[in-house]
Structures are given as structure tokens and as C-alpha cells.
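# Structure at a glance
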Amino acid sequence: PATTKPAAPTAKPAGDTQKPAAGADKPAAAAKGVRTVEIIGTEDMKFSLATITAKPGEQLRVRLVVKGSMPKIAMAHNFVLLTKKASPVDYVTAAMQARPDFLPADKKADVIAATGLAGAGETVEVTFKVPAVAGDYTYLCSFPGHFQAGMKGTLTVK
Ligand code: CU
């Protein structure tokens, strides 16, 4: 009688449930809870991060740490995240007149999230829900002149 060969063991797992979720390329992002992104604001009027990537609907905390030695009246920073519809130039133009915090009340609808102003040695933060709509959102410092000097960045939601 012919010898029966043992059946080859199945190497492949049954089913395809092991696939990573689409777009799961960032293991750093915690699945639950709030993720903190720290940005440093400096006297050369730049954010240390010019780009932030986030997932739609993610809870994000942006912490702005301000370094320098100039008095706050002359040099302070904030973080203002604008909607896609908002015009950053229009926003900062209105902000110039909006002392003391440079967050113009009549442009509140343009803002997704904003911190208060921080001077050298101070830290401010804001926690917010990232928009559900994918795309690029501008963030900026609305202290007069800083946006024009390049104090801005892009939050990419994807
Ligand atoms: Cu600034």
C-alpha cells in the first residue's frame, strides 16, 4: 500500500485580519487619549515645527514653549490654528488691532484652536479635536509682524 504523506502544515494564517489599518504608518500616535506636540517659539520669529501631521478627529494638545530674553511686550508668541476657509493674511491684519491677546473677536469663526500669548520663559497650550476633514490647515503666531516674518506652519490632517 502506498505511504500517505502527512499533510503540509498550513503556513498562512487563515483570513486576512492581520492587515494594518489603512494609513497606520505612525505608531507614535496613541490610539486613545490626547497626543501632545511641543513647539518652541523663538526670538527669530519661527516655530520649531513648521509641519504637524495628525489623524482626523484626533485629540491633540499643542504646547508652545517660548524661549528668549526680550520683554513680553516686545516679543511674545501664540499658536492659532485657522480653518481652511480662513485667510491667514486677513486674520493677522485684524489681529494687529486686537490687543492685548491679538485674537480678534470678529474673526473667531476662523479659529479652530488658539493659545494665549506667552513671553520668554512661559509655556501655553491648547487641547482640541483635529478636524475630521483631511487637508492642510495653517497655524500661525498672531503677534504683529510675526506671521510675515515666517512664524507659521501647516497642520496636515490625513
Ligand atoms: Cu510670535
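Below you will find a few notes about this structure. Owing to the predicted nature of the structure, the values given are computational and were not obtained by experimental measurement. (Residues numbered from 1 in each chain as written. Predicted model: local features only at pLDDT ≥ 70, side-chain atom pairs only at ≥ 80, totals over all residues. Heavy atoms only, no water.)

## Here's the deal with the sheet that holds strand β1 (residues 34–41)
- Spatial strand order, β1-β3-β8: 3 strands in an open sheet with mixed pairing. Strand pairing shows two members of the sheet lacking a second neighbour, β1 and β8 (123–129), which therefore form its edges. Strand-to-strand twist of the sheet, defined as the mean angle between neighbouring strand axes without regard to direction, takes the value 20 degrees. (Pairing = 2+ DSSP bridges. Helix = DSSP H or I, 4+ residues; strand = E, 2+ residues; numbered from the N terminus. Axes fitted to C-alpha atoms, helices over the stretch in contact; angles between N-to-C directions.)

## Observations regarding the side chain of H146
- Looking at where H146 falls in the secondary structure, it is placed in the loop between β9 (135–140) and β10 (152–157).
- By relative accessible area, H146 is classed as buried at 3%.
- Ignoring any residue separated from it by four or fewer positions in sequence, one finds H146 in contact with M45, M75, A76, H77, C141 and M151. (Buried < 20%, exposed > 50% of the residue type's maximum accessible area, 1.4 Å probe, protein only. Contact = heavy atoms within 4.5 Å.)

## Some thoughts on the side chain of S142
- Mapped onto the elements, S142 comes out in the loop between β9 and β10.
- In terms of polar contacts, S142 uses its side chain to reach the backbone carbonyl oxygen of F102, at 2.6 Å.
- Setting aside anything within four residues of it in sequence, one finds S142 in contact with N78, V80, Y91, A95, D101, F102 and L103. (Polar contact = N/O pair within 3.5 Å; in protein donor to acceptor, adjacent residues only side chain to side chain.)

## Description of the pattern of salt bridges
- Overall, the coordinates contain 4 salt bridges when judged by the stated rule.
- Taken together, the salt bridges that share partners define one network made up of R61, R63 and E125. (Salt bridge = Lys/Arg side-chain N within 4 Å of Asp/Glu carboxyl O.)

## With respect to the packing of aromatic side chains
- For the structure on display, the rule yields 3 aromatic pairs.
- An angle of 55 degrees between the planes, with centres 5.6 Å apart, marks the rings of F47 and Y139 as tilted. Placement of the pair is F47 in the loop between β1 and β2 (51–54) and Y139 in strand β9, with a sequence separation of 92 residues.
- Exposure remark for F47: the relative accessible area of 8% places this residue in the buried category.
- Between F102 and F143, the ring centres sit 5.2 Å apart and the planes meet at 65 degrees, which makes this aromatic pair edge-to-face. Placement of F102 in the loop between α1 (88–95) and β6 (111–114) and of F143 in the loop between β9 and β10 is noted, with a sequence separation of 41 residues between them.
- The class of F102 is buried, set by a relative accessible area of 2%.
- The class of F143 is buried, set by a relative accessible area of 9%.
- An aromatic cluster is defined as three or more aromatic residues linked by ring pairs; in this entry it consists of F47, F79 and Y139. (Phe/Tyr/Trp six-rings, centres within 6.5 Å; stacked < 30°, edge-to-face > 60°.)

## Regarding the nonpolar core
- Ranked by internal contacts, the top residues of the largest apolar core, which has 35 residues, are I39, L60, F79, F128, Y139 and L155.
- Going through the elements one at a time, β1, β2, β3 (59–66), β5 (80–82), α1, β8, β9 and β10 are the ones with two or more residues in this core.
- If one sorts the elements of this core by residue count, β3 sits on top with 4 residues.
- Sequence-distant contacts of F128, defined by excluding residues within four places in its chain, comprise E58, Q59, L60, V62, F79, L81, I112 and A113. (Core = buried A, V, L, I, M, F, W, Y, C linked by side-chain atoms within 4.5 Å.)

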